[in-house]
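# Structural description and commentary
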Amino acid sequence: MYNQCQDILKLGEARGEAQEKKLLSVIIPCYNEQETVPIFYRAISEIAPELNVELELLFIDDGSRDRTLDEIKKLSEKDERVNYVSFSRNFGKEAAIYAGLQSATGDYLVLMDADLQDPPSLLPQMLHEIQDNGYDCVATRRVTRKGEPPIRSFFARRFYRLINRMSKTEIVDGARDYQMMTRQVADAILSIGEYNRFSKGIFEWVGFKKKWLEYENVERAAGETKWSFWKLFVYAMDGIVAYSTVPLVLSSVLGLLLFVVAFVFIIIIIVRTLVFGDPTQGWPSLACIIIFLAGLQLFSIGILGQYLAKTYLETKRRPIYLIREKKIASKETESVR
Ligand code: UDP
Ligand code: MG
């Protein structure tokens, strides 16, 4: 009888402990990552015992065209901690991050790339900062760009300089999407329901107590980067348009400046004609001025167009992503809530 009681007590204690353990959701956006998904899984499984939390691995298949989803399904069959959301097409990493934050059930959430460029070895420290040091969010930044083409690094640096001059929200050079956050921060990020998402800006905009960890760049474990130079350029432009209206001000200021210059020229020409008569001269310079101004006007209209396009897309209020299939075990049991 006594033994039975003790057993029941022990069971109760064990349950209590299990309940106390927090759940960490690891969100992994994947686009054509068939080679890296198993490698990533192995790396996370290795570090898991060092973490004093329960784990949930939430893979977001961003409309991959290769066998990524099959690889994820294989993992989820043998490990119940593996969940997934699969999009109807490629919606981009930003959409995948949003979907991940929305579907994850953890008390803490961490965003990680599938290619192991976000070192899992930082996870224990990140957890420690949140659990013991009272931080809401632990972000990471690469301090080197080793292994990246120099031209790409050069333009990346220029971009961060430019956007930080133009925008009130600080966009940190080298900041990764590799961040761990509390549920509260995730909810804050989710409350920003805009369609044109620029996560680097959103993460800063929401604020909260944030700790930065630095690390050296790690090269991809396998597969290829999804970012061409052109894609990065468009991403940079999107970032500027999303986080600054300075280009609009610039084009107005330039317009005003040219108006003043033109006015001074008119006065000079009138005075000159009155004093020296009116010999027909200077058509080449006139042609140049017309082309110059026409170019400037088109440029300004282009800037205006960028903002209008974003507003247009935003007003459509389309969903950020569409799901084709998913498996979210822990949520299903909670769906009664
Ligand atoms: N990714 C995604 N959707 C995309 C492009 C990329 O989900 O449209 C994922 C990709 O699978 C990877 C992460 O985002 O896990 C980072 O992509 P990548 O490694 O190509 O970018 P890089 O590290 O070169 O900046
Ligand atoms: Mg990468």
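What you are looking at is a predicted structure, and each value in this text was computed from that prediction instead of being measured. (Residues numbered from 1 in each chain as written. Chains lettered and ligands numbered in written order. Predicted model: local features only at pLDDT ≥ 70, side-chain atom pairs only at ≥ 80, totals over all residues. Heavy atoms only, no water.)

### Re the overall build of the chain
A tally of regular secondary structure across the chain gives 12 helices and eight strands. Here the C-alpha radius of gyration of the chain, 27 Å, is well above what a compact globule of 337 residues would show, namely 20 Å. On the principal axes, the C-alpha backbone points of the chain span a range of 120 × 40 × 40 Å. Within the chain, the fraction of its 337 residues that count as buried is 40%. For the chain, the proportion of contacts with a sequence separation of at least 24, taken over those separated by at least 6, is 84%. Side-chain charges of the chain comprise 43 positive and 43 negative groups, with the mean position of each set lying 6 Å from the other. (Helix = DSSP H or I, 4+ residues; strand = E, 2+ residues; numbered from the N terminus. Rg over C-alpha atoms; globule rule 2.2 N^0.38 Å. Buried < 20%, exposed > 50% of the residue type's maximum accessible area, 1.4 Å probe, protein only. Contact = heavy atoms within 4.5 Å. Lys, Arg positive; Asp, Glu negative; His and termini not counted. Charge placed at Lys NZ, Arg CZ, Asp CG, Glu CD.)

### Here we look at the packing of aromatic side chains
According to the stated counting rule, one finds 10 aromatic pairs in the structure shown. With 5.5 Å between their ring centres and 75° between their planes, Phe-155 and Phe-229 make a pair best called edge-to-face. Within this pair, whereas Phe-155 is found in helix α6 (residues 150-166), its partner Phe-229 is found in helix α9 (residues 229-243), the two being separated by 74 residues in sequence. Here a set of aromatic residues connected by ring pairs shows up, and it is made of Phe-87, Phe-91, Tyr-98 and Tyr-321. A cation over an aromatic ring shows up here: Arg-89 above the ring of Phe-91, its NZ or CZ 3.9 Å from the ring centre. The ring centre of Tyr-135 lies 4.9 Å from the NZ or CZ of Lys-209, which sits over that ring. (Phe/Tyr/Trp six-rings, centres within 6.5 Å; stacked < 30°, edge-to-face > 60°. Lys NZ or Arg CZ within 6 Å of the ring centre and 35° of its normal.)

### Let's talk about the nonpolar core
Ile-27, Ile-60, Phe-87, Leu-101, Met-181, Ile-189 and Tyr-321 are the most contacted members of the largest nonpolar core, which has 39 residues in total. Secondary-structure elements contributing two or more residues to this core are β2 (54-61), β3 (82-87), α4 (93-103), β4 (108-111), α6, α7 (183-190), α8 (199-205) and α9. Here this core gets six residues from one element, more than from any other, and that element is α4. Once you skip the residues sitting within four places of it in the chain, Phe-87 turns out to touch Ile-60, Asp-61, Asp-62, Gly-63, Ala-95, Ala-96, Ala-99, Tyr-321, Leu-322, Ile-323 and Arg-324. Residues Tyr-41, Ile-47, Ala-48 and Leu-55 belong to the second largest nonpolar core, which totals 36 residues. (Core = buried A, V, L, I, M, F, W, Y, C linked by side-chain atoms within 4.5 Å.)

### Description of the pattern of salt bridges
According to the stated counting rule, one finds 13 salt bridges in the structure shown. With a closest N to O distance of 2.8 Å, Lys-93 and Asp-113 form a salt bridge. Taken as a pair, Lys-93 in helix α4 and Asp-113 in the loop between β4 and α5 (123-132) lie far apart in primary sequence, 20 residues in all. The partly exposed category is assigned to Lys-93, whose relative accessible area is 27%. Here the residues in one salt-bridge network are Lys-93, Asp-113, Asp-118, Arg-176 and Asp-177, joined through shared partners. (Salt bridge = Lys/Arg side-chain N within 4 Å of Asp/Glu carboxyl O.)

### As for unusual backbone geometry
Note: most residues except glycine have negative phi, and most peptide bonds are trans. Despite not being glycine, Asn-32 has its phi angle at roughly 50°, a positive value. Relative to the assigned elements, Asn-32 resides in the loop between β1 (23-30) and α2 (36-47). For Asn-32, a relative accessible area of 23% puts it in the partly exposed group. One non-glycine residue, Leu-116, lies in positive phi territory at about 65°. With respect to the helices and strands, Leu-116 occurs in the loop between β4 and α5.

### Structural notes on the site of ligand 1
Taken together, 17 residues sit near ligand 1, with Glu-33, Asp-62, Gln-117, Thr-225 and Lys-226 positioned nearest. At a separation of 2.8 Å, an oxygen atom of ligand 1 approaches a polar backbone atom of Tyr-31. Asp-115 is positioned such that a nitrogen or oxygen atom in its side chain is 2.7 Å from an oxygen atom of ligand 1. Its free accessible area being 540 Å², ligand 1 has 92% of it covered by the protein chains. Of the residues assigned to the shell around ligand 1, the class counts are five nonpolar, four polar and eight charged. (Near = heavy atom within 4 Å. Polar contact = N/O pair within 3.5 Å; in protein donor to acceptor, adjacent residues only side chain to side chain. Areas by Shrake-Rupley, 256 points an atom, 1.4 Å probe, with all protein chains shown as cover. Nonpolar A, V, L, I, M, F, W, Y, C, P; charged D, E, K, R; others polar.)

### Considering the pairing of β4
The alternating pattern of β4 places Tyr-108 and Val-110 on one face and Leu-109 and Leu-111 on the opposite face, and all of these are buried. One ladder, built from four bridges, connects β1 with β4; its direction is parallel. Within the sheet, the bridge partner assigned to Val-26 lies in β4 and is Val-110. Two elements, β4 and strand β6 (residues 175-182), share three bridges in a ladder whose sense is antiparallel. In the strand pairing of β6, Leu-109 is matched with Met-181. (Pairing = 2+ DSSP bridges.)

### Let's talk about helix α3 (residues 68-78)
What α3 keeps buried is the set Thr-68, Leu-69, Glu-71, Ile-72, Leu-75 and Ser-76. Projected down its long axis, α3 carries its buried residues within an arc of 160°, all on one side. Exposed and facing more than 90 degrees away from the buried side of α3 are Glu-77 and Lys-78. (Arc of directions from axis to C-beta.)

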